[in-house]
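An overview of the molecular structure
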Amino acid sequence: MPRVVFTGNLQRHISCPPCTVRGGTAREALDAAFELYPGSRGYVLDEHGTLRAHMVVFVDGQAISDRRSLSDAVGENAEVFVMQALSGG
Amino acid sequence: MSSTLLVSTRKGLFTVGRTMAGTWEIQGVSFLGDNVTLALADARSGTWFAALDHGHFGVKLHRSKDRGATWEEVGVPVYPDPPEGVEEIDSMGRVVPWKLKLIWSLEPGLASQPGLLWCGTIPGGLFYSEDDGSTWTMVRTLWEEPRRKLWNGGGADFPGIHSICVDPRDGNKVTVGVSCGGVWQTTDRGISWACRADGMRAEYMPPDRAFDPDIQDPHRVVQCPSGPDVFWAQHHNGIFRSTDGCRRWEEITEVSPSVFGFAVVVHPDDPEIAWFVPSIKDERRVPVGGAVVVTRTRDGGRSFETLREGLPQTHAYDLVYRHALDIDRSGSRLAFGSTTGSLWVTENGGDSWLTVSTQLPPIYAVHFVA
């Protein structure tokens, strides 16, 4: 089952430790994680379900390409990292 | 009289209180390190609200029922899905995001409307909550008003609603200020709207469009609680007043040292008395001569006093944003804070000022707890 890990910076606002979930796409895996941690969805996605502009999701080290629908495939043992994009110095 | 202030800053929400000795001091901080853009203490319920902009993580709203000891996150205004395949393009050619970018105004309804809150946002949204901020509903009539597409961003990329005035005689009558989009008013709680900026003048537009109501940039609009037909506006290029419920605005030009600024407050018991915090002008947003002053009129704008006692008069470059000047219910206590982290309080209507701090983070908003 895929493992979802949220950036440590998010933990300051809402508790969402690493979790193991079901899902074959980034959307399915993240939805399952958001279900475990109510309130976390709005920190990662905007009101239309799109990845926030300065957030990035890596699946096994690769940034997902479909930031809108999050349809990128997630393997059975994938690691899904939800990070904030760095900007500035 | 109020003895507590909520100070929203780039790095937290500070609670400032009056001591027994008559001084004012920082007494607490919530959300330390986070960007708190606005706060409201609802006098009806005693509930406090804090709006945060986390940048990466979006805009959030928190509520406290114990004066800031603990907070709970509540809902935020949610924009509708845009029509499939249609992008709204503004007059600058930019795609208008149908997404919450900033909570820019937060006001309670009347005492007879418990739980009702109004919220203005960037981009250009007006929302209300009937459950004390837990959930929000967009006022679709204003969002779908065709003339909304004439609005433009002022200092921000996209237009927004920064001022919400609920008429104390009738809670269904609501007036909002838009940068840049004029002044809009409903008398039926949002079923219909009218632009009420006749008389406002936009110096920054071509001369033949200077008086277009839809493109006016009132930086801040306030309504006198005891004389609710009187409104004051600190506009991008001047000071305006209406004495007939916004049907007509009159420009006030003879104000020293400057008519430019963002903030205005009106005395709660006397519509003739108003205060402003001037800067040089739009392209040079610092105090005239490096001296922080407050201007006050007591005669409806016919004359102004320049108040400076207790304020820095040399090499001060403080800018005061539109929500960073407030007045308490008594009309004698005012407070204002600046982008360079200075905070001042007066207990005598501005005749003299006390310095609370000169080293806070940049201040976005100052709000008296009733």
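Heads up: these notes are all about the structure in this document. (Residues numbered from 1 in each chain as written. Chains lettered and ligands numbered in written order. Predicted model: local features only at pLDDT ≥ 70, side-chain atom pairs only at ≥ 80, totals over all residues. Heavy atoms only, no water.)

Focus: the overall build of chain A
Within chain A, the regular secondary structure consists of three helices and five strands. Helices and strands appear in chain A in the N-to-C order β-α-β-α-α-β-β-β. In summary, chain A has a C-alpha radius of gyration of 12 Å against a globular reference of 12 Å for 89 residues, a match within 12%. In terms of its C-alpha atoms, chain A occupies a principal-axis envelope of roughly 35 × 25 × 25 Å. Taking all 89 residues of chain A together, 43% fall into the buried category. In chain A, the proportion of contacts linking residues at least 24 apart, taken out of those at least 6 apart, comes to 46%. Working note: accessible area of chain A is about 4,600 Å², and carbon and sulfur atoms make up 51% of it. Each charge class in chain A can be summarised by its mean position, and for the 8 positive and 10 negative side chains these summaries are 6 Å apart. (Helix = DSSP H or I, 4+ residues; strand = E, 2+ residues; numbered from the N terminus. Rg over C-alpha atoms; globule rule 2.2 N^0.38 Å. Buried < 20%, exposed > 50% of the residue type's maximum accessible area, 1.4 Å probe, protein only. Contact = heavy atoms within 4.5 Å. Areas by Shrake-Rupley, 256 points an atom, 1.4 Å probe, with all protein chains shown as cover. Lys, Arg positive; Asp, Glu negative; His and termini not counted. Charge placed at Lys NZ, Arg CZ, Asp CG, Glu CD.)

Some points on the packing of aromatic side chains
Residues and elements named next belong to chain B. Taken as a whole and assessed by the stated rule, the structure comprises 18 aromatic pairs over all chains. The rings of Y79, W98, F127 and W143 are connected pair by pair, giving a single aromatic cluster. Residue placement shows R94 over the ring face of F158; its charged tip is 5.5 Å from the ring centre. Above the plane of the ring of W143 lies R148, whose end atom (NZ or CZ) is 3.5 Å from the centre. (Phe/Tyr/Trp six-rings, centres within 6.5 Å; stacked < 30°, edge-to-face > 60°. Lys NZ or Arg CZ within 6 Å of the ring centre and 35° of its normal.)

Side note on the sheet that holds strand β8 (residues 102–108) of chain B
Residues and elements named next belong to chain B. Pairing within the open sheet is antiparallel, and its four strands lie in the order β8-β9-β10-β11. Lying at the two open borders of the sheet, with one neighbouring strand each, are β8 and β11 (137–138). Alignment of β8 against strand β9 (residues 117–122), held across six bridges, turns out to be antiparallel. The residue of β9 that forms the bridge with I103 is T121. (Pairing = 2+ DSSP bridges.)

Brief notes about the sheet that holds strand β5 (residues 79–84) of chain A
Residues and elements named next belong to chain A. What the five strands build is an open sheet, ordered β2-β1-β5-β3-β4; its pairing is mixed. Among the strands making up the open sheet, the edge pair consists of β2 (19–20) and β4 (62–63). For strand β3 (residues 55–59) and β4, the ladder comprises two bridges, and the chain directions are antiparallel. Paired with V59 across the two strands is Q62, which belongs to β4. Running at roughly 65° to strand β1 (residues 3–6), helix α2 (residues 26–36) makes contact with β1, β2, β3 and β5 of the sheet. (Axes fitted to C-alpha atoms, helices over the stretch in contact; angles between N-to-C directions.)

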